[in-house]
Amino acid sequence: AAGVIQSPRHLIKEKRETATLKCYPIPRHDTVYWYQQGPGQDPQFLISFYEKMQSDKGSIPDRFSAQQFSDYHSELNMSSLELGDSALYFCASAGGIHSPLHFGNGTRLTVT
Amino acid sequence: EDQVTQSPEALRLQEGESSSLNCSYTVSGLRGLFWYRQDPGKGPEFLFTLYSAGEEKEKERLKATLTKKESFLHITAPKPEDSATYLCAVQKSPGAGSYQLTFGKGTKLSVIP
């Protein structure tokens, strides 16, 4: 069965650079969520989209922005990167608001 | 503020030694409680959703139960391949907020052959 696809799998950036993470949801899933997971931490909710509109916002820094496109894929844009942004970034998709979230395998971002 | 607390933080079991993981929660307007399994460097893998107190769900060696204040994940006769971090998460009902999940910190399970 098709799963959530995230790219890239690994990303190394320097402080103050920008990064773009991409997420391709499971086909026919209309809801996308972004989570950040630091080492040894639980996933923290950043932002979500339903039918290409932002549906909720969590602890997402102002330096970050995201959008969902007409084909339902989503991108997380991160600017002025800081060392503390180093983490695993997960995207999850759901086939409607009453469905469980299915996660991708994440993008590991390292900021040096 | 919504809280999800999992215990123990880590659990080592011998192969075949059954046990339970606990997830206690305080949330205004619970819509569902979710269990996920996470392997190192991978995304959480969906296991179960529980919606109401008294509900139980089973999958192979795993059984999840729900009360009004906590959920248990029972592991019967575990095998080494069950070693992983098990995450519990809650989702609020429509009138109480959004559909995003609030996670606990997880229980890291190690099953020794």
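*Asks:* Sorry if this is basic, but what is going on with the overall build of chain B here?
*Replies:* Scanning chain B from terminus to terminus reveals 0 helices and 11 strands. Its helices and strands in sequence order give chain B the pattern β-β-β-β-β-β-β-β-β-β-β, from N to C terminus. What you see for chain B is a C-alpha radius of gyration of 14 Å, in line with the 13 Å of a compact globule of 113 residues. By principal-axis analysis of the C-alpha atoms, chain B measures approximately 45 × 30 × 20 Å. In chain B, which comprises 113 residues, the share counted as buried stands at 46%. Contacts in chain B between residues at least 24 apart in sequence constitute 55% of all its contacts with a sequence separation of at least 6. Surface accessibility of chain B: about 5500 Å² in total, with carbon and sulfur atoms responsible for 48%. Averaging the locations of the 14 positively and 14 negatively charged side chains of chain B gives two centres separated by 3 Å.

*Asks:* Please explain the sheet that holds strand 7 (residues 62-66) of chain B as it appears in this structure.
*Replies:* Where strands meet in a sheet, backbone hydrogen bonds hold them as pairs that are either parallel or antiparallel. Residues and elements named next belong to chain B. The 5 strands are arranged 1-3-8-7-6 in an open sheet whose pairing can be described as antiparallel. Both edges of this open sheet fall to strand 1 (3-7) and strand 6 (56-59), since each of them pairs with a single strand only. Across the sheet, the mean angle separating the axes of adjacent strands is 15° when strand polarity is ignored. Here 5 bridges tie strand 1 to strand 3 (residues 19-26), and the two strands are oriented antiparallel to one another. In the strand pairing of strand 3, Ser-7 is matched with Asn-22.

*Asks:* In this structure, what is going on with the state of the cysteines? I would like to understand it.
*Replies:* Covalent bonding between the sulfur atoms of two cysteines is what defines a disulfide. Residue and element names in this part refer to chain A. Overall, the coordinates contain 2 disulfides over all chains when judged by the stated rule. The residue that forms a disulfide with Cys-23 is Cys-91, at a sulfur-sulfur distance of 1.8 Å. Taking the sign of the S-S torsion, about -55° here, the bridge from Cys-23 to Cys-91 comes out left-handed. A residue pair is termed long-range when its members are at least 10 positions apart, and Cys-23 in strand 3 (residues 19-24) and Cys-91 in strand 9 (residues 87-94) qualify at 68 residues. We classify Cys-23 as buried; its relative accessible area is 0%.

*Asks:* Teacher, can you tell me more about the pairing of strand 8 (residues 70-75) of chain B here?
*Replies:* Along a regular strand, successive side chains alternate from one face of the sheet to the other. All names here are of chain B. Side-chain alternation along strand 8 places Ser-71, Leu-73 and Ile-75 on a buried face and Glu-70, Phe-72 and His-74 on a face that remains uncovered. Here 5 bridges tie strand 7 to strand 8, and the two strands are oriented antiparallel to one another. If you follow Leu-66 over to strand 8, its bridge partner there is Ser-71. If you look at the hairpin formed by strand 7 and strand 8, you'll find 3 residues sitting between the two strands.

Definitions and cut-offs
Here the residue numbering is sequential within each chain, running from 1 through the sequence in written order. Whichever chain is written first is A, and whichever ligand is written first is 1; the rest continue in order. With the structure being a predicted model, the display of local features is reserved for residues of pLDDT at least 70 and the display and counting of side-chain atom pairs for 80 or more, all residues being used for whole-chain, interface and lining totals. To obtain the side-chain values, all non-hydrogen atoms of the structure were included, while hydrogens and water were left out. Helix and strand assignments come from DSSP, with helices taken as H or I runs of at least 4 residues and strands as E runs of at least 2, each series counted from the N terminus. Both definitions apply: the radius of gyration is a C-alpha atom measure, and the globule rule equals 2.2 Å times residues to the power 0.38. The buried label applies to any residue whose accessible area, calculated with a 1.4 Å probe on protein chains only, is under 20% of its type's maximum; exposed applies above 50%, and partly exposed to all values in between. Contacts between residues were defined by any pair of non-hydrogen atoms, one from each residue, lying within 4.5 Å. Shrake-Rupley sampling with a 1.4 Å probe provides the accessible areas, and residues are treated as covered by the protein chains on show and by no other component. Positive: Lys, Arg. Negative: Asp, Glu. His and the chain ends are not part of the count. To locate a charge, take NZ of a lysine, CZ of an arginine, CG of an aspartate or CD of a glutamate. Being paired, for any two strands, means DSSP has found at least two bridges between them. Note on definitions: angles span 0 to 180 degrees between N-to-C directions of axes, and those axes are lines fitted to C-alpha atoms, for helices only across the stretch in contact. Put simply, a disulfide is two cysteine sulfurs that come within 2.5 Å.

This is a description of form; function is not addressed.
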